[in-house]
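Tertiary structure, described
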Amino acid sequence: MQRVEGKVCIITGAASGVGREDALLLASEGAKVVLTDLNEEAGRQVAAEIGEHALFIRQDIASEADWQNVIKLTLERFGRLDVLVNNAAILALGSIEDTSLELWQKVQRINSEGYFLGCKYGVQAMKETGGGSIINMSSVAALGGMPLFCAYSASKGAVAAMSRSIALHCKQQGYRIRCNTVHPDGINTPMTQALTGGQAIPQETLDQDPLNRMCAPRDIANLVLFLASDESRFINGSELRVDNAQLISGL
Ligand SMILES: NC(=O)c1ccc[n+]([C@@H]2O[C@H](COP(=O)([O-])OP(=O)(O)OC[C@H]3O[C@@H](n4cnc5c(N)ncnc54)[C@H](O)[C@@H]3O)[C@@H](O)[C@H]2O)c1
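Here the residue numbering is sequential within each chain, running from 1 through the sequence in written order. A pLDDT threshold of at least 70 governs which residues receive local features in this predicted model, and a stricter bar of 80 or more applies before side-chain atom pairs are shown or counted, although totals over entire chains, interfaces and linings include all residues. Excluded from the side-chain calculations are hydrogens and water; all other atoms, namely the structure's heavy atoms, are used.

1. Comments concerning the pattern of salt bridges
Our working rule: Every case where a carboxyl oxygen of Asp or Glu lies within 4 Å of a side-chain nitrogen of Lys or Arg is listed as a salt bridge. Per the convention used, a helix needs a DSSP run of H or I reaching at least four residues, while a strand needs a run of E reaching at least two, with both numbered from the N terminus.
With the rule as written, the count across this model stands at 11 salt bridges. When the shortest N-O distance is used, the salt bridge between aspartate 230 and lysine 7 registers 3.0 Å. Taken as a pair, aspartate 230 in the loop between α8 (217-228) and β9 (239-242) and lysine 7 in the segment before β1 (8-12) lie far apart in primary sequence, 223 residues in all. Close ionic contact of arginine 213 with aspartate 185 constitutes a salt bridge, the shortest N to O distance being 2.8 Å. Residue arginine 213 is located in the loop between α7 (203-207) and β8 (214-215), and its partner aspartate 185 is located in the loop between β6 (177-184) and β7 (186-187); the two are separated by 28 residues in the primary sequence. Three or more residues are tied together by salt bridges with common partners; here these are Glu40, Arg44 and Arg58.

The structure is reproduced here in structure tokens:
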């Protein structure tokens, strides 16, 4: 028996970085995976790599119509929804002093509203078939203070607070839907590579430094797999850091 055998999972942002790794790992453990992304070409490539148990759907997570379409096509193809990994997001550099209202609104629309829509339609689908697991990608930016990521931190904080609300609501309603957040520090993906001029540094090089803050996408996917599986059936409303003690290092 594989760890998520037969579970139907939606993973947003599955064309790149962590989402790609989530999709590959969940599929390798028996899941049927729906991959979504704005990047059609790369998303289709990942789905093709997985094979018949994968479906790629182009989606802008900030669009309500796109969410309705993703849920509809998922149910048509696989008949149910067990796991939703809200993973797609954008990073925006800027302190409170140099973040424009336009940038702030763009970040909240994708990183916060996009997750709200996913959870809203995800809960609706999951409660029909007896429950599920929602995994929302947040960040240590939601827990600590990151002066250069003002709008991004706020969006990730909103995701964490919303997720606690969802977890309790679903528990009180008896839906058997769990909702947890994952809080990484740095992950070695195109998102962070863009901050250093698009240069990819091999993970083995990074790992030589015991103080290294950049984990591999697989380090996050391993936790996502656990949260997607029934092994984590009592973990609900939790905020799970993947940061090698970085957040507490200032104490
Ligand atoms: N990389 C890090 O250091 C880091 C740290 C903490 C948290 N996170 C979080 O982890 C998650 C994955 O990040 P990553 O590093 O793999 O990033 P990434 O940039 O490699 O991948 C993000 C994917 O999301 C897609 N995307 C962006 N906007 C979209 C939209 N509106 N609709 C649909 N798809 C969209 C992109 O096309 C891309 O394929 C994000 O939620 C991010 O905030 C990343």
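Let us keep going from here.
2. Overview of the pairing of β1
Both faces of the sheet carry side chains from a regular strand, because those side chains alternate between them. Applied cut-off: Each residue's exposure class comes from its accessible area (1.4 Å probe, protein chains only) as a fraction of the maximum for that residue type: buried when under 20%, exposed when over 50%, partly exposed otherwise. Note on handedness: a clockwise path from strand one over the helix to strand two, with the strands aimed away from the viewer, defines a right-handed crossover. Paired strands, as defined in this entry, are two strands with at least two bridges between them according to DSSP.
Taking burial as the measure, the five residues of β1 include five buried ones, the bulk of the element. Of the two faces of β1, the one holding Val8, Ile10 and Thr12 and the one holding Cys9 and Ile11 are both buried throughout. Between the parallel pair β1 and strand β2 (residues 32-37), the chain is carried across by helix α1 (residues 17-28), and the sense of this crossover is right-handed. Sheet topology places β1 next to strand β4 (residues 83-86); three bridges connect them, and they run parallel. Each bridged residue has a counterpart across the sheet, and for isoleucine 10 the counterpart in β4 is leucine 84.

3. A closer look at the site of the ligand
This is how the line gets drawn: Proximity is defined per residue: any heavy atom of the residue falling within 4 Å of a molecule or strand makes that residue near it. Whenever a nitrogen or oxygen atom comes within 3.5 Å of another N or O atom, the pair is scored as a polar contact, on the condition that within protein one atom can donate a hydrogen and the other can accept it, and that pairs from neighbouring residues in sequence are kept only if both atoms are in side chains. All accessibility values rest on the Shrake-Rupley procedure with a 1.4 Å probe; residue burial counts only the protein chains present in the view. A pocket here means an open set of points on a 1 Å grid, computed over the protein atoms alone, that has protein on both sides within 12 Å along at least five of seven lines. A cavity is instead a set of points where a 1.4 Å probe fits but cannot get out; residues with an atom within 4 Å of a point line either one. Just a note on the criterion: a molecule sits in a pocket or cavity if more than half of its atoms are within 2 Å of the grid points. All residues other than Ala, Val, Leu, Ile, Met, Phe, Trp, Tyr, Cys, Pro, Asp, Glu, Lys and Arg, Gly among them, are scored as polar; the first ten of these are nonpolar and the last four charged.
The ligand sits among 29 residues. The nearest are Ser16, Asp37, Asn87, Tyr152 and Thr189. Contact distances for the ligand include 3.0 Å between a nitrogen atom and a side-chain N or O atom of aspartate 60. Contact between the ligand and tyrosine 115: an oxygen atom at 3.2 Å from a side-chain N or O atom of the residue. For the ligand, the protein covers 91% of the area, taking 830 Å² as the surface of the free molecule. Because more than half of its atoms lie within 2 Å of the grid, the ligand is assigned to the largest pocket. Among the secondary structure elements, those contributing two or more residues to the shell around the ligand are α1, α4 (101-128), α5 (150-173), β7 and α6 (190-193). Here the element with the most residues in the shell around the ligand is α6; it accounts for three residues. Class assignment of the residues belonging to the shell around the ligand gives a composition of 15 nonpolar, 10 polar and four charged.

4. Observations regarding the side chain of serine 63
Looking at where serine 63 falls in the secondary structure, it is placed in the loop between β3 (54-58) and α3 (64-78). A distance of 3.4 Å separates a polar side-chain atom of serine 63 from the backbone nitrogen of alanine 65. Polar contacts involving the side chain of serine 63 include one to the main-chain amide nitrogen of aspartate 66, which spans 3.0 Å.

5. What to know about the state of the cysteines
In a disulfide, the sulfur atoms of two cysteines are held together by a covalent bond. Note the cut-off: Here, a disulfide means two cysteine sulfur atoms that sit within 2.5 Å of each other.
Scanning the entire structure with this criterion turns up zero disulfides. We note that cysteine 179 lacks a disulfide partner, and the nearest cysteine sulfur, in cysteine 119, lies 5.0 Å from it. Look at cysteine 179 and you get buried, because its relative accessible area is 0%.

6. Examining the sheet that holds β3
The test is simple: For every element, the axis is a line fit to its C-alpha atoms; helices are fit only across the contacting stretch, and the angle between N-to-C directions ranges from 0 to 180 degrees. Note on contacts: a residue pair is in contact if any heavy atoms of the two residues lie within 4.5 Å.
If you trace the seven strands from one edge of the open sheet to the other, you get β3-β2-β1-β4-β5-β6-β9, paired in parallel fashion. Strands at the two margins of the open sheet, each flanked by one partner only, are β3 and β9. Each neighbouring strand pair of the sheet contributes to a mean axis angle of 20°, computed without reference to strand direction. The sheet contacts of α3 involve β1, β2, β3 and β4, and relative to β3 the element is tilted by about 160°. Against the sheet, α5 makes contact with β5 (132-137), β6 and β9, and its axis sits at roughly 160° relative to β6, the strand it touches most.

7. Some details on the nonpolar core
Stated formally: Nonpolar cores were defined as sets of buried Ala, Val, Leu, Ile, Met, Phe, Trp, Tyr and Cys residues, with membership established by side-chain atoms within 4.5 Å.
Judged by nonpolar contacts, the single largest core of 61 residues is most densely connected at Ile11, Leu26, Val33, Leu35, Ile134, Ile135 and Ile220. Top contributing element to this core by residue count: α4, with eight residues. For leucine 35, the contacting residues outside a window of four places in its chain are Ile11, Ala14, Ala23, Gly43, Val46, Ala47, Ile50, Ala54, Leu55, Phe56 and Ile57.

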